[in-house]
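# Structural description and commentary
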Amino acid sequence: MQRQVTKVGIAVLGTVGKKVAAAIDQGVPGVSLVGAAARNTEAARAWLAQLDSKPRLMSFEEMAQECDVIVECAPSVLLPDIVEPALRAGKTVVVLSCGALLARPDLIDLARETGGHIQVPTGALLGLDAVTAAAEGKISSVRMITRKPVKGLVGAPFLEENNIDISDIRAPMQIFAGTAREAAVGFPANLNVAVALSLAGIGPDETRLEIWADPALTRNTHTIVVDSDSARFEMTIENIPTENPKTGRITAQSVLAALRKMGAPLRVGT
């Protein structure tokens with residue numbers, strides 16, 4: 001029996017989107033790149049023309065109709081425009097800007113009504129399989145400590161609103177302590193990992209987070225500590241940034257792994 005090919009659209013063609021699109025174009029079994037959306041349409045059309053699969057430039061609405069899976073890798077403000085038409089069409093959306101979901105729980109309700117799916121990949125974090133397994137029992141606490149190079153945090157709304165200047169710091173500086181929900185508002189381009197962790201575990205209001213700016217670091221570092229009735233575990237990951245200092249290389253690879261798993265005869269992981 002011939003395996004059905006999953007038609008994928010990328011929204012939008014930024015740092016992550018281009019890496020995912022190029023990898024699919026080079027070949028991912030059971031997956032075909034058919035379209036992409038972009039803010040700069042002229043540049044995107046020229047970039048897409050280089051790909052062997054010749055995907056079309058599409059609007060979010062066209063993508064919802066023509067693709068089986070839409071990969072959202074856009075600025076968080078665009079999440080509703082990408083996700084809502086896809087869910088209304090009963091499609092699957094792989095969401096990287098999961099922090100924006102906290103302000104739009106109605107999108108989860110919409111997926112439930114239409115049979116669509118929202119999938120949050122592991123992204124730049126690790127251990128989400130263990131957290132989701134622990135959540136089948138009772139989790140007493142989830143804590144995350146994020147340490148980032150200064151340039152990966154500059155411009156965050158929380159820093160600007162609180163007049164926190166980290167441009168010239170010479171030693172590690174704690175710039176935030178609070179919940180994952182609060183971090184999603186204050187650091188929308190930085191802390192989707194914290195929201196993913198909270199959605200896997202005990203929710204955005206119970207997941208505690210510290211953020212440190214460290215001028216000595218070159219990698220985005222996340223440590224999670226989980227206490228539950230089935231296990232206590234602590235894990236640390238050091239992510240190598242892309243040319244966009246807010247995003248790690250492993251983020252695009254996580255999306256590709258999720259797409260590969262969708263049609264694989266053997267799936268490893270929860």
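Scroll up to find the structure.
So, here is what we can say about the structure in this document. Computed from a prediction, not measured in an experiment: that's the story for all the values here.

### Brief notes about the pattern of salt bridges
- In the structure shown here, the tally under the stated rule is 7 salt bridges.
- For E84, the salt bridge identified is with R88, shortest N-O distance 3.0 Å. With E84 and R88 both in helix α4 (residues 79–88) and 4 residues apart, this pair spans about one turn of that helix.
- You can call E84 partly exposed: its relative accessible area is 23%.
- Taking the relative accessible area as the measure of exposure, R88 reaches 56% and is therefore exposed.
- Ionic contacts of the salt-bridge type, sharing partners, join the residues E84, R88, R104 and D106 into one network.

### Some remarks on the packing of aromatic side chains
- This structure, assessed with the given rule, holds 3 aromatic pairs.
- On the numbers, 5.7 Å between centres and 75 degrees between planes, the contact of F176 with F187 is edge-to-face. Placement of the pair is F176 in strand β8 (residues 173–179) and F187 in the loop between α8 (180–186) and α9 (192–200), with a sequence separation of 11 residues.
- On the accessibility criterion, F176 (5% relative accessible area) is buried.
- F187 sits in the buried class, given a relative accessible area of 0%.
- Through a chain of ring-to-ring contacts, three or more aromatic side chains come together here, namely F158, F176 and F187.

### Some words on the sheet that holds strand β4 (residues 69–72)
- As summarised here, the arrangement of the 6 strands in space is β3-β2-β1-β4-β5-β6, forming an open sheet in which the pairing is parallel. Looking at which strands have only one partner, the edges of the open sheet turn out to be β3 (56–57) and β6 (117–119).
- The sheet contact formed by strand β1 (residues 6–11) and strand β2 (residues 31–37) spans 6 bridges and is parallel. The residue bridging G9 from the neighbouring strand is G35, located in β2.

### Focus on the environment of A264
- Tracing the backbone through its elements, the reader meets A264 in the segment after α10 (249–262).
- Taking relative accessible area as the criterion, A264 reaches 22% and is therefore assigned partly exposed.

### A look at α4
- Of all 10 residues in α4, 7 are buried, a share of seventy percent or more.
- Those residues of α4 that fall on the buried side of the exposure criterion are L79, P80, I82, V83, P85, A86 and L87.

### Notes on the packing of α4 against helix α5 (residues 106–114)
- For the pair α4 and α5, interaxial distance at closest approach is 9 Å and the crossing angle is 15 degrees. Of the possible angle classes, the one that applies to α4 and α5 is roughly parallel. In this structure, α4 meets α5 at a crossing whose hand is left-handed. The segment α4 lies against α5, with L79, P80, V83, E84, L87 and R88 engaging L107, L110, A111 and T114.
- The residue inventory of the contact of α4 with α5, partitioned by class, reads 7 nonpolar, 1 polar and 2 charged.

Criteria and thresholds
Residues numbered from 1 in each chain as written. Predicted model: local features only at pLDDT ≥ 70, side-chain atom pairs only at ≥ 80, totals over all residues. Heavy atoms only, no water. Salt bridge = Lys/Arg side-chain N within 4 Å of Asp/Glu carboxyl O. Helix = DSSP H or I, 4+ residues; strand = E, 2+ residues; numbered from the N terminus. Buried < 20%, exposed > 50% of the residue type's maximum accessible area, 1.4 Å probe, protein only. Phe/Tyr/Trp six-rings, centres within 6.5 Å; stacked < 30°, edge-to-face > 60°. Pairing = 2+ DSSP bridges. Axes fitted to C-alpha atoms, helices over the stretch in contact; angles between N-to-C directions. Parallel < 35°, antiparallel > 145°, perpendicular 65-115°, else oblique. Left-handed = near helix turned anticlockwise from the far one by under 90°. Contact = heavy atoms within 4.5 Å. Nonpolar A, V, L, I, M, F, W, Y, C, P; charged D, E, K, R; others polar.

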